[in-house]
Amino acid sequence: MQHHSSEVARLYQTEFIRSARAVGVLWAICTLCFAVIEVVILIQPSWVGTRELHYRGGGPAPPTGTLGLFEVCVETDWPVPDCRGSLHTLTPLPAFQSPAVLVCMSLTMVWASVGCLCLFRFCNAATVYKICAWLQLTAGFCLALACVLFPDSWACAEMRALCGERVSSFSPGNCSVHWAYILAMLGVLDAGILSMLAFVLGNRQDALLPEDAKDGDVTGLLLAA
């Protein structure tokens, strides 16, 4: 009977490691993809863009282009738009300093969680999952706050020059939100899902893995290729 129970426990442990490895690898890949998306969100000047207007003449045509945290890009007769800003020095537009700092903080948290994946070789898997979960939850909070502060900062010179004088907080005038801002909002949802999944993986690791298998020999296998 004791031998049979030992075989059942070993089989249970093997199945747990297989399922945890599959879900853990999927979670790690999604975390890496989210980190890349955060970089795109930060640097792309496509948070806001002008709408298509029917110009009837009688004066200079209104500008068309897009705006991000670091640059304002206005379309010209050339294929390449004329971008003004300080992306190369990572200096945000004056009105959007707070959202830019929050997105940078979110980006740092996400890449820190990516770096923590290396700890699976050396530390308890449950602990690593929970550390990553808190990092991703914090990243989602910073990104959500940036998405709120960005439209609150629309009443600025850069927005008025691109979108007209009707611009005010939470009212973009002749412009509308573009794909980078929508991607940022989806990133908040992504961060929430990834952090909750990391919490679940960490709690399952504590609750289901046998006590004698919670050392480094097993945790090192969870994300091994």
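Residues numbered from 1 in each chain as written. Predicted model: local features only at pLDDT ≥ 70, side-chain atom pairs only at ≥ 80, totals over all residues. Heavy atoms only, no water.

A. Representation of the state of the cysteines. A full pass over the atoms with the stated rule returns 2 disulfides. Across a sulfur-sulfur distance of 2.0 Å, Cys-73 and Cys-83 are joined as a disulfide pair. A torsion of 110° about the S-S bond marks the disulfide between Cys-73 and Cys-83 as right-handed. With a gap of 10 residues between them, Cys-73 in strand E3 (residues 71-74) and Cys-83 in strand E4 (residues 82-85) connect regions that are remote in the sequence. Since its relative accessible area comes to 34%, Cys-83 is described here as partly exposed. Ordering the disulfide-forming cysteines of the chain by sequence position, one finds them joined as 1-2, 3-4. Looking at the unpaired Cys-118, the closest cysteine sulfur is the one in Cys-116, lying at 8.7 Å. (Disulfide = S-S within 2.5 Å. Helix = DSSP H or I, 4+ residues; strand = E, 2+ residues; numbered from the N terminus. Buried < 20%, exposed > 50% of the residue type's maximum accessible area, 1.4 Å probe, protein only.)

B. Highlighting the sheet that holds strand E2 (residues 65-67). Taken in spatial order, the 5 strands of this open sheet run E4-E3-E2-E1-E5, and their pairing is antiparallel. Of all the strands in the sheet, the pair left with one neighbour each is E4 and strand E5 (175-177). Pairwise comparison of adjacent strand axes, ignoring direction, gives a mean angle of 20° for this sheet. Both E3 and E4 contribute to a ladder of 4 bridges, which runs antiparallel. Considered in E4, the bridge of Cys-73 is made with Cys-83. (Pairing = 2+ DSSP bridges. Axes fitted to C-alpha atoms, helices over the stretch in contact; angles between N-to-C directions.)

C. Molecular detail of the nonpolar core. In terms of nonpolar packing, the biggest core is built from 30 residues, with Trp-47, Leu-67, Leu-69, Phe-96, Val-103, Phe-150 and Met-159 touching the most fellow members. For this core, the secondary structure elements donating two or more residues are helix H1 (2-43), E3, helix H2 (97-115), helix H3 (125-152), helix H4 (157-163) and helix H5 (179-208). Top element by residues in this core is H3. It accounts for 5 residues. Apart from the residues lying within four places of it in its own chain, the contact partners of Leu-67 are Pro-45, Ser-46, Trp-47, Val-48, Val-72, Leu-93, Phe-96, Phe-150, Glu-158, Met-159 and Leu-162. Phe-34, Ala-125, Cys-132 and Ala-198 belong to the second largest nonpolar core, which has 20 residues in total. (Core = buried A, V, L, I, M, F, W, Y, C linked by side-chain atoms within 4.5 Å. Contact = heavy atoms within 4.5 Å.)

D. Structural context of the pattern of salt bridges. The tally for this structure, following the rule as stated, stands at 2 salt bridges. For Asp-82, the salt bridge is made with Arg-84, and the minimal N-O distance between the two is 3.6 Å. Take Asp-82: its relative accessible area is 37%, and that puts it in the partly exposed class. Look at Arg-84 and you get partly exposed, because its relative accessible area is 45%. Here Glu-165 ties to Arg-160 by a salt bridge, and the two come within 4.0 Å at their closest N and O atoms. You can call Glu-165 exposed: its relative accessible area is 65%. (Salt bridge = Lys/Arg side-chain N within 4 Å of Asp/Glu carboxyl O.)

E. How the structure looks around the UniProt feature "transmembrane region" (unreviewed entry) in the chain. Using the residue numbers shown here, the UniProt feature "transmembrane region" (unreviewed entry) corresponds to residues 20-43, 100-120, 132-151 and 179-201. Here residues 20-43 runs as 100% helix and 0% strand, with 35 Å between its end C-alpha atoms. Here residues 132-151 runs as 100% helix and 0% strand, with 30 Å between its end C-alpha atoms. (UniProt positions renumbered as here; feature names shortened; annotations may be inferred.)

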